[in-house]
Each structure stands twice: as C-alpha cells, then as structure tokens.
Amino acid sequence: MKKFLSLVLALVMTMSLVTISAGAAEYKDLTDKDEIQYEEAVAVLNRIGIITGYTDGSFQPKKELTRGAAAKIIVSLMIGSEAASNLVAASAPYTDVPVNHTFAGVISFCKNSGYINGYQDGSFKPSGTLSGYAFSKMLLGALGYKGEHEGGFTGAGWTMNVARIGNECGLFDRLSFKGNESVNREQACQLALNTLKGTLVEYTGGMNIVNGTQSVVVNPERNYKVSNQEFASHINNKKASGNSNYDKDNWYTVEFGEEHFVDLRMKQERSTEDDFGRPSNEWSYKKVTIGTYALEPDFRYTELVAHNDKSSTDASKVRALKLNGYEVDGSTQVWLNGYESNIDLGKVANIANYTDNGTVVEVYVSETNADLITDVVVIQSALVEVKRIGSDYVTLGKYDTDGADDNQAKEGFNRNAFDLVSDGGLAASKSFNDVQVEDRGYGVLSGLKAGDKVVVVPVSEDGSNARFDVWEAYVPETVTGALTRVDTYGSSS
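### As for the side chain of S280
Turning to its location among the elements, S280 is positioned in strand β9 (residues 279-285). The exposure class assigned to S280 is buried, which follows from its relative accessible area of 0%. A polar side-chain atom of S280 sits 3.1 Å from the main-chain amide nitrogen of D274.

### Concerning the sheet that holds strand β14 (residues 360-365)
With mixed pairing, five strands are arranged side by side in an open sheet as β11-β14-β15-β12-β13. Single-partner strands in this sheet number two, and they are β11 (299-301) and β13 (339-340). With three bridges joining them, β11 and β14 adopt antiparallel strand pairing. The residue of β14 that forms the bridge with R300 is E362.

### Observations regarding the pairing of strand β16 (residues 382-389)
Here four bridges tie β16 to strand β20 (residues 453-460), and the two strands are oriented antiparallel to one another. Residue L383 lies in a different strand from β20, and its bridge partner there is V455. The sheet contact formed by β16 and strand β17 (residues 393-398) spans five bridges and is antiparallel. Within β17, the residue paired with I389 across the bridge is V394.

### Some thoughts on unusual backbone geometry
With the exception of glycine, the majority of residues adopt a negative phi angle, and the majority of peptide bonds are in the trans configuration. The phi torsion at Q60 lies on the positive side, around 55°, for a residue other than glycine. One can find Q60 in the loop between α1 (39-47) and α2 (67-79). A residue is classified by how much of its surface remains accessible, and Q60, at 28% relative accessible area, is partly exposed. Unlike most non-glycine residues, K286 shows phi in positive territory, near 50°. Mapped onto the secondary structure, K286 falls in the loop between β9 and β10 (288-294).

### A word on the sheet that holds strand β19 (residues 435-436)
Sheet strands line up and pair through hydrogen bonds in the backbone, either parallel or antiparallel. Strand order in this open sheet of six strands is β18-β21-β20-β16-β17-β19, and the pairing throughout is mixed. The open sheet has two edge strands with one neighbour each: β18 (431-432) and β19. Here two bridges tie β17 to β19, and the two strands are oriented antiparallel to one another. Paired with Y393 across the strands is Q436, a residue of β19.

### A closer look at the nonpolar core
One finds L45, L65, L77, I107, F135, L196 and L264 to be the most contacted residues of the largest nonpolar core, which totals 71 residues. Grouped together as the second largest cluster of nonpolar side chains are 22 residues, F299, Y301, V318 and V328 included.

### Structural notes on the packing of helix α5 (residues 132-143) against helix α6 (residues 158-168)
Where α5 contacts α6, the axes come no closer than 10 Å and their chain directions differ by 60°. On the basis of their axis angle, the class for α5 and α6 is oblique. Judged by the sense of rotation from one axis to the other, the crossing of α5 with α6 is left-handed. Contacts between α5 and α6 involve Y133, A134, S136, K137 and L140 from the former and W158, T159, V162, A163, I165 and G166 from the latter. By residue class, the composition of the contact of α5 with α6 is seven nonpolar, three polar and one charged.

### Let's talk about the side chain of S460
The residue S460 is located in strand β20 in this model. Polar side-chain contacts of S460 include one of 2.8 Å to the backbone nitrogen of G463.

### Here we look at the packing of aromatic side chains
Each aromatic ring pair is specified by the distance between its two centres and by the angle formed by the two planes. Inspection of every chain in the model, using the stated rule, returns six aromatic pairs. Summarising the aromatic geometry, the rings of Y133 and F172 are spaced 6.3 Å apart at their centres and angled 65° between planes, so their arrangement reads as edge-to-face. Separated by 39 residues along the polypeptide, Y133 in helix α5 and F172 in the loop between α6 and α7 (185-196) bring together distant segments of the chain. You can call Y133 buried: its relative accessible area is 17%. F172 gets classed as buried once you look at its relative accessible area, which sits at 16%. Pairing F432 with F468 gives two aromatic rings, centres 6.4 Å apart and planes at 45°, and the pair type is tilted. Of this pair, F432 sits in strand β18 while F468 sits in strand β21 (residues 467-474), placing them 36 residues apart in sequence.

Analysis parameters
- Residues numbered from 1 in each chain as written.
- Predicted model: local features only at pLDDT ≥ 70, side-chain atom pairs only at ≥ 80, totals over all residues.
- Heavy atoms only, no water.
- Helix = DSSP H or I, 4+ residues; strand = E, 2+ residues; numbered from the N terminus.
- Buried < 20%, exposed > 50% of the residue type's maximum accessible area, 1.4 Å probe, protein only.
- Polar contact = N/O pair within 3.5 Å; in protein donor to acceptor, adjacent residues only side chain to side chain.
- Pairing = 2+ DSSP bridges.
- Core = buried A, V, L, I, M, F, W, Y, C linked by side-chain atoms within 4.5 Å.
- Axes fitted to C-alpha atoms, helices over the stretch in contact; angles between N-to-C directions.
- Parallel < 35°, antiparallel > 145°, perpendicular 65-115°, else oblique.
- Left-handed = near helix turned anticlockwise from the far one by under 90°.
- Contact = heavy atoms within 4.5 Å.
- Nonpolar A, V, L, I, M, F, W, Y, C, P; charged D, E, K, R; others polar.
- Phe/Tyr/Trp six-rings, centres within 6.5 Å; stacked < 30°, edge-to-face > 60°.

Geometry only, nothing functional implied.
Right, dumping it as structure tokens:
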C-alpha cells in the first residue's frame, strides 16, 4: 500500500488572495492548518493557485469570503489564476469598482458573462460578503447553467432554484453549510473543488423568438457536454453521456477540470487507500502529488455498539450497527490501523466486535454493488511509554505496568495495550519507529520525559503488522475519584 504520510504540495502565497508566486510555503507549513475542516479542497485549490494563503503563513479558513474575491475565484477557475490576475477593465464595471480597483478586471469579466449582479444603486460592494447560495450561483454559471432556462437565478425563489440544481449536480457534496449564510474561505474551496468535478452543461433546441431587435431562445433542452475520450484522464468521473451508443463509441461527460485544468489528475474514487486503508482520492498537479484524502465513510462508530457476549445475538449487533440489509463477502477488506489484514469477517454482525469506546470504526459500501460492504477500517489508540528523548527523536515502547496487568492478561484483557481483536492482535509490544523531528506527533512527544505515559494513534509503516509509525499523540487525562460501581457483561465475576 502506498504511503502518503506527508503532503507534497507546491502551496504558494502572496499579498493577493489568489495570486501565486515562487518560493512560498507548502500546505503542511500553514500556521493554522489544524483549523481547516476541508483539507482536500483547500490543498487542491491552493496547489492550482485558485485560493491561496496569506503572507503571514495563515489560511484563515473561517474568514468570510468577499464578493470581489469570489469573482477572482470564478475567473481563475475559468481561465487560470495568472490570466485572471492580468485582466484589466476597459471601464468601471460598477460605481464603486473603478478601473484601478484590485478586482476590476475579474468583476468586469463576471458581469459580462452574467455570473454576477450588482445592486440597484449601481454599486457592487466588492468588500462585502456573500451567501453560500450567491457564490453557488456563480459556480453554476461557470458550469454552463443559465438562470433564464432554470427557473431564474434572480428575483423571487432564486435560492430554491440554486439549491435544487446545486444538489442535482453535486455542488454541495461533502459540504456542511447553510446556503443563506455568508460563505467562508474553506467552504468556498469545497464548492470550487466540487465544481472541478462537475459536469459541464449546454443548451440545445428550443424556440427562437424575435422581439423587435432582440432574439430570445425559450424552452431549450439542457444536455451534458460530452467528449469521445476513451478514458477521462483529467478529472476521472467518467459518467456515461446518455448517448445511446456510449458503450460502443466511448462518449463520456466532460468534467469542468478536464476542460480547464488539463494537468490536474484525480485517481478514481475508491481506487486507492490512505494510510489507514480508507478509500480515498489521490490528487496530483503537473505530475507532482498533492495528497491522498479519505472519502467520507458510509457508517462511522466511535463507541461500543454491542457487547461481545452470549447475551448479544447477531441480529442485535446488526441492529445496533444499523446495517440491516447489508452484506460482506470474501472481498470485504478489514484494515487494522493501516494493516491490511487477512481477516474474513464472515458476517456483518462481527463488525460490532471491533467497536469500542474511543475506537473509530468506519464502514464503506460499494458504489456499484448495492448493499455490499467493501472496507471496514478500524483505528485504535495505544497507551505507551516514552523510553528515550533524543536531540531530534523520541523512542516509544510498551507501557511497563510492573506486573499490574498479569491478572488482566489471564482473563483475556489487555487494556493498556494496542491489541485489536482477531488476527492475533496488534499488541503494544510491536515495534514503533522512532518519532523524528519532522514526523507527526513529535511536537507533543518532545515535550515529555522518559517514563511518561502517552496515548498514540499508530499506523502501519508499510501495510503490514511489523512496525508502526505515530499518526497522532496526546497526553492522556488523569481522572481521580471514588469507584462506586462496576458493570460486567456475560459474567457473574
């Protein structure tokens, strides 16, 4: 399994919101990257220069997008960021946007293309914010949708039309926002990424009505723009065109990125895995890897859903998992902290045995074979001990309990160790690679001392269960108090 423990980005930042320049920081060096929710979208949009960071090293993902910056994003998607930065306006497009305004060129472009509207007083308010639906309307225009043919993108009910069409074309995929509220920078990135993967449309037919000197086409038919490429290699979405002979002549719909960003590549969804084995998208630009980003799972569990004892039947476990009607087979892959196991689940109910409080279990369902579970990803933490603090590394090892866990081991428990059920377990005695200064988790670990206990999220070094890297590390919370009750399950002890 390929490993992408760090993003290889050519992230560039300048004084402008979306202008790129040489010698800028990579995505991993952003000072506020931990605040970014839509990592995939931000990384990709940064790499191709559409929405970059600021000169102080921050991205400010929650900062509200301005109307002027929104126009810059649209034009950069259409013609590229460099060309967008070089646009000039022949005349002031609005009363508050003079020809020497930073965004005059892109605002004029958007106005002439019908993507934006000003206010009744002739102003545009370029420094003002805009709603998610207003920005979405601009992106739909870039995809080829025309408001006059789609029920209207202005006037009463325009937001409902934008919401309807945006949902149909996947514009809101993997996005959580309220369209009537102001859109922020990272939401804009996700919307723009969905646009890159969106299908271009065009209108044909209809009736041409001439009213004086003006010609208007009414009731045209919306169609997908198609290409006869055998394989859509740019943005690999490969939706059939609907042409009756598409299976013979290899006609496919054209994605926005396929037409506008020919050097941008995305491996087809679910065809590659991230470090934990999750089906993922792998992006690259000009043959340089941007990163691998996990897809949203179809089901996710972070606590014990059913106890693995005689009182829990298979039916009760499946109900607790909410996986009624789903199935597994010999092709269903179980991943244990990135270890590609040979476990045969046998039945859906057994997924419940991997759930526990604090353990993450993610379930992915096939997109082509309904009801079939393709991957079960288990991510468990480990309580380990700092053995040595070097000048630029930290060594970890098994938590030395001085024999306190002997009785637990006799009863089949191993609560101090990283010990996944089945497949022989992945005990904390397994070797951890030293955590180097450039590795994940080093910032936390370097502040500790030998003998300190620390919780880590291990990840397989190479897809086997031989050695593990540290994906995340944090100091465990110590809780004190009186023990008043113990509940046991399936046992009288």
